[in-house]
Amino acid sequence: GSLLATRHLKDTQDFWSNLCWPLYEDSNNKEGETEDGRTTELKAYILRILASEVYTWKGKVAPEMSKVLDKICSESSTSLKTWCHDAMSSSAKESSANQTAINDETIDLEKIDPMEDTNLFLQSSWKIFLLVLTKDLPSCFSPAACNLTFTVTIKKLMNVLRDDPPPVRLTLLLSETAVTLNRRWQTKCTANMVELCKDMATVLDIVSSASWSSIHPRSRVAIIALALSILRSSQFKLDASEEPSVLATWLAPTVRILGLSFRQAENQLAQGNQACIDLQISELVLSLLQTLISRFTQDRSWLSELHHEASIQLLLAAASTCCKHKVAANFVKKILQLLLEIASSQSGTAALLTHELAQQLWLPVSDLPTTADTEWHDVLMMTVEFATVLLRTGRTHALKTTITAMALLSDKLVADLVKIKTDIKSVGDCVTIARLISLLSNHVSLWRAEHLPSLMVMYRCSCALIHHSSALLMRPSYLGSLLKVSQGSGTEEDTARCRKISTTSSVPDTELESLPPEAATAHSQLLDIALSCLSLLLALSPPLSGLLKGDVMLDPGQWEPLLSLSFGNPTLEETEEESSYGTLLALANTCVRSLTRDHARSPSPGRAGLTTPTLGTRSSQLTLDTPEKRQLNVVLEKSITLILCQSIFTLSHSSLASRDKQLLKREIGAELGSITDTWKRQFSSRHGGKSPAPSSASSRSAAVRSPLSASTPARGKSPLPGGGPPPSPSPQPGIAVDCGKRSGGSGDQFMRFVANLISNVYK
């Protein structure tokens, strides 16, 4: 019966307008006269009725009710003016008897007793009404109404926080309302972002100065979340010229809040409470400071504040303590994210290098248990990334501490590197570790002198990674099926393909020559891994320029052959701790066929089944105008360069039998000749059949520029194994490899250089 009666009332004409008139009509009060408690309570109940109706029907309300809501939510209506008036005056009415304990986490603002405080009850009803309408019926609020509502909320929050002590429930109500409105309205919250940022800076300053300990933990969470939300929104509305000066006022209070929150989190962790709200507050403050630092282009503006509060020492000490006691992994991740942001600048790296990172970070992380815990594994990967950023930014200044990190973490890194063979989802972790290996390979001499065991184990892992990455890159459709199966979305055909290919050593003829869309990311990551591992092997090989000039002959004992005399394709079931010529040739063939996939025959009869993962349906012209093609080109050049370095060194200085040397020359000459022929055919078709050979004038010009053309063999000997003349001038491949500035012309020059070298050395 009550449902029928309610339905009848709602269908009655003018029901909603008659019900809601106290909200948007003048109460006939004289100026300065306040309304009695009954009117205030009536308004609160009307707001809750409206919110309940909108929530129940998910915003699909009757037309008459929609008109009433539009009238209430209009920026010129009496209702919003009343909301502003009530918000500006209710804090004085909250008596000391209604002050709730600061640590009481059971506060329910929706169940406030109207008999205790009618004004707070009305504020709570307004909160419910606003939050329901902004979610289920956002069209009720115009941008001007959003601006007015949010501005008065922020202003009121500032005034409330200045009270001593701030009213607990009202502070909580206003802060949670403000952060929710800001997340839903975004840039509609204000027409003047500079003024809003200044108001938020004032709120942070008040909170960090005196009232932090007297604010409820939920209010702290809401205030920090509000600051983070405003900071992200300001990125679209602040002018670049105004941004540094406006956001500079945020730095000091944010850094102070960081110290305050860390002390409270430390007390909770000392009591064994890892799920405390103080830890969540600290994580939010870390995110706020990280986002704030990322907005500055000048290091000094934020680094001085960090030094003033000893924040870097605080961050490292907190991460070290948590790692030693194996607590709060997510908290440590947030700290490392902030440290990564600091390390991305030269001044920040210099500040970090003044601390004992080996004692404070590398050693505690190395002591973490090797378990399947995803959070602690993420901590390890972020530590590796942090060491990589330090070395990339600090260069030689960060070299010793990075080698120390590699020495202490090598056992854990090896376990992650070998995991790719059984779990394709770990390819992202391998990329992170391989990039650190690649950066350290630029300083391989010092690495060898400081800690040879870690260098040797990373060398063996790099060989295994090149083998496995090449095997997967050769099989693009298998890679796609493997990813689907690992994610639980594979079909029976995918499962059958994985089972079939993983038990055979050859590439099936039915392998598709296109890269599945779901495997594009993994394909790029595998190329990244191969590129990083090739960098280490090249660093351990004699330089090609030294081999051609004869400088390596002065002291050949410092080098040794790294590649085995095997010319078979890499397989998935085998793991090599020593790379072979066959693996590198397969990788080079895969790259050149990907770059010249149209009208390209198999480079050699022995690799007839080698597949070509194509990168989408782009133009068939041989251009390196995409990141994928540039990446393929760099891998191609590095793999060919490594083959040339190792084969020339082996033919010149090793004690290999004559028959094995003839086999090596024949295989390398045939395979590299096929690769260069494939490249030339594609280049010729792109240029209308013209020969890619340079003119005599350009050859003479290249001879003047080339370092190889002016070099002479050492001790009167020819530097080449066959005793022939040096190859025709061409850019040095070790210098030419540049992923960011590579063009199709330089790739053609490299291929001409390789072709000339083949005719002089391997024929």
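### A closer look at the overall build of the protein
Part 1 of the reasoning: Looking only at helices and strands, one finds 32 helices and 0 strands in the protein.
Part 2 of the reasoning: For the protein, the residues scored as buried account for 53% of the 763 residues in total.
Part 3 of the reasoning: Intrachain contacts of the protein at a sequence separation of at least 6 include 78% that bridge at least 24 residues.
Part 4 of the reasoning: Summing over all exposed atoms, the protein offers an accessible surface of approximately 33300 Å²; the carbon and sulfur share of this is 51%.

### Overview of the packing of aromatic side chains
Part 1 of the reasoning: Inspection of the entire model under this criterion finds 7 aromatic pairs.
Part 2 of the reasoning: Ring centres of Tyr45 and Phe121 lie 5.2 Å apart, and the angle between their planes is 65 degrees; this geometry places the pair in the edge-to-face category. A residue pair is termed long-range when its members are at least 10 positions apart, and Tyr45 in helix 3 (residues 37–56) and Phe121 in helix 6 (residues 118–136) qualify at 76 residues.
Part 3 of the reasoning: For Tyr45, a relative accessible area of 38% puts it in the partly exposed group.
Part 4 of the reasoning: Where Trp126 meets Phe129, the ring centres are 5.7 Å apart and the plane angle is 85 degrees; that geometry is what we call edge-to-face. You can see Trp126 and its partner Phe129 sitting in helix 6, 3 residues apart, about one turn around the helix.
Part 5 of the reasoning: Of the residues examined, Trp126 reaches a relative accessible area of 3% and is grouped as buried.
Part 6 of the reasoning: When its relative accessible area of 0% is taken as the criterion, Phe129 is described as buried.
Part 7 of the reasoning: When the ring centre of Trp212 is taken as reference, the NZ or CZ atom of Arg220 above it lies at 5.2 Å.

### Some words on helix 9 (residues 193–211)
Part 1 of the reasoning: Spanning 19 residues, helix 9 covers 26 Å between terminal C-alpha atoms, matching the ideal 27 Å at 1.5 Å per step.
Part 2 of the reasoning: Residue Asn192 occupies the N-cap position of helix 9, its side-chain oxygen lying 3.3 Å from the main-chain nitrogen of Val194.

### Brief notes about the pattern of salt bridges
Part 1 of the reasoning: By the definition in use, this model includes 12 salt bridges.
Part 2 of the reasoning: Across the pair Lys127 and Glu176 runs a salt bridge, and its minimum N-O distance is 3.0 Å. Placement of Lys127 in helix 6 and of Glu176 in helix 8 (residues 168–185) is noted, with a sequence separation of 49 residues between them. Neither residue differs from the other here; Lys127 and Glu176 are each classed as buried.
Part 3 of the reasoning: With its nearest N and O atoms 3.3 Å apart, the salt bridge here joins Asp416 to Lys419.
Part 4 of the reasoning: Among the residues examined, Asp416 registers a relative accessible area of 4% and is labelled buried.
Part 5 of the reasoning: Through salt bridges that share partners, Lys127, Glu176 and Arg218 make up one connected network.

### Focus: the side chain of Ser532
Part 1 of the reasoning: Among the secondary structure elements, Ser532 is positioned in helix 25 (residues 520–539).
Part 2 of the reasoning: Among all residues touching Ser532, those that are not within four sequence positions of it are Ala434, Arg435 and Ser438.

### Thoughts on the packing of helix 18 (residues 374–394) against helix 19 (residues 399–417)
Part 1 of the reasoning: Direction vectors running N to C along helix 18 and helix 19 enclose 150 degrees, while the axes themselves pass 10 Å from each other. Judged by the inter-axis angle, helix 18 sits roughly antiparallel to helix 19. Where helix 18 crosses over helix 19, the handedness of that crossing is left-handed. Across from His377, Leu380, Met381, Thr383, Val384, Ala387 and Leu391 in helix 18, the residues of helix 19 making contact are Leu399, Thr402, Ala405, Leu409, Lys412, Leu413 and Asp416.
Part 2 of the reasoning: Along the lines of polarity and charge, the residues of the contact of helix 18 with helix 19 split into 9 nonpolar, 3 polar and 2 charged.

### Quick look at the nonpolar core
Part 1 of the reasoning: Ranked by internal contacts, the top residues of the largest apolar core, which has 218 residues, are Leu50, Phe129, Phe150, Trp250 and Ile640.
Part 2 of the reasoning: In terms of residue count, helix 28 (residues 627–653) provides more of this core than any other element does, 12 residues in total.
Part 3 of the reasoning: With near-sequence residues (within four places) excluded, Trp250 lies in contact with Cys197, Met200, Ala201, Leu204, Ala227, Ile230, Leu231, Leu288 and Leu292.

### Focus: the confidence of the model for the protein
Part 1 of the reasoning: The predicted model of the protein has a mean per-residue pLDDT of 81, with 79% of residues at 70 or higher.
Part 2 of the reasoning: Below pLDDT 50 for its whole length, residues 27–33 participates in 4 contacts with residues either more than four positions away or in separate chains.
Part 3 of the reasoning: pLDDT under 50 marks residues 598–621. Its contacts with residues more than four places away, or in other chains, come to 69 contacts.

### Side note on the environment of Thr571
Part 1 of the reasoning: When you line up the elements, Thr571 lands in the loop between helix 26 (544–549) and helix 27 (581–595).
Part 2 of the reasoning: What makes Thr571 buried here is its relative accessible area of 4%.
Part 3 of the reasoning: In sequence terms Thr571 and His467 are 104 residues apart; their C-alpha atoms lie 7.8 Å from each other.

### A few points about unusual backbone geometry
Part 1 of the reasoning: The step from Asp164 to Pro165 runs through a cis peptide bond, and the omega angle for that step is -5 degrees.
Part 2 of the reasoning: Take Pro165: it is sitting in the loop between helix 7 (143–161) and helix 8.
Part 3 of the reasoning: Phi is positive for Gln186, which is not a glycine, with a value near 55 degrees.
Part 4 of the reasoning: Residue position: Gln186 is located in the loop between helix 8 and helix 9.

### Considering the packing of helix 8 against helix 10 (residues 217–234)
Part 1 of the reasoning: In contact at an axis separation of 9 Å, helix 8 and helix 10 are set at 25 degrees when each is read in the N-to-C sense. Here helix 8 is positioned roughly parallel relative to helix 10, judged by the angle of their axes. As helix 8 runs across helix 10, the sense of the crossing is left-handed. Mapping the contact onto sequence places Val168, Thr171, Leu172, Ser175, Glu176, Ala178, Val179, Asn182 and Arg183 in helix 8 and Arg218, Ser219, Ala222, Ile223, Ala225, Leu226, Ser229, Ile230 and Ser233 in helix 10.
Part 2 of the reasoning: Considering only residue class, the contact of helix 8 with helix 10 consists of 9 nonpolar, 6 polar and 3 charged.

### Side note on the side chain of Thr171
Part 1 of the reasoning: Mapped onto the elements, Thr171 comes out in helix 8.
Part 2 of the reasoning: On the basis of relative accessibility, which here comes to 2%, the residue Thr171 falls in the buried class.
Part 3 of the reasoning: Within the local environment of Thr171, its side chain forms a polar contact with the backbone oxygen of Pro167, the two atoms lying 2.5 Å apart.
Part 4 of the reasoning: Discounting chain neighbours no more than four positions away, the residues touching Thr171 are Leu157, Val160, Leu161, Pro166 and Ser219.

Calculation criteria
- Residues numbered from 1 in each chain as written.
- Predicted model: local features only at pLDDT ≥ 70, side-chain atom pairs only at ≥ 80, totals over all residues.
- Heavy atoms only, no water.
- Helix = DSSP H or I, 4+ residues; strand = E, 2+ residues; numbered from the N terminus.
- Buried < 20%, exposed > 50% of the residue type's maximum accessible area, 1.4 Å probe, protein only.
- Contact = heavy atoms within 4.5 Å.
- Areas by Shrake-Rupley, 256 points an atom, 1.4 Å probe, with all protein chains shown as cover.
- Phe/Tyr/Trp six-rings, centres within 6.5 Å; stacked < 30°, edge-to-face > 60°.
- Lys NZ or Arg CZ within 6 Å of the ring centre and 35° of its normal.
- Expected span 1.5 Å × (residues − 1).
- Polar contact = N/O pair within 3.5 Å; in protein donor to acceptor, adjacent residues only side chain to side chain.
- Salt bridge = Lys/Arg side-chain N within 4 Å of Asp/Glu carboxyl O.
- Axes fitted to C-alpha atoms, helices over the stretch in contact; angles between N-to-C directions.
- Parallel < 35°, antiparallel > 145°, perpendicular 65-115°, else oblique.
- Left-handed = near helix turned anticlockwise from the far one by under 90°.
- Nonpolar A, V, L, I, M, F, W, Y, C, P; charged D, E, K, R; others polar.
- Core = buried A, V, L, I, M, F, W, Y, C linked by side-chain atoms within 4.5 Å.
- pLDDT = per-residue confidence, 0-100.

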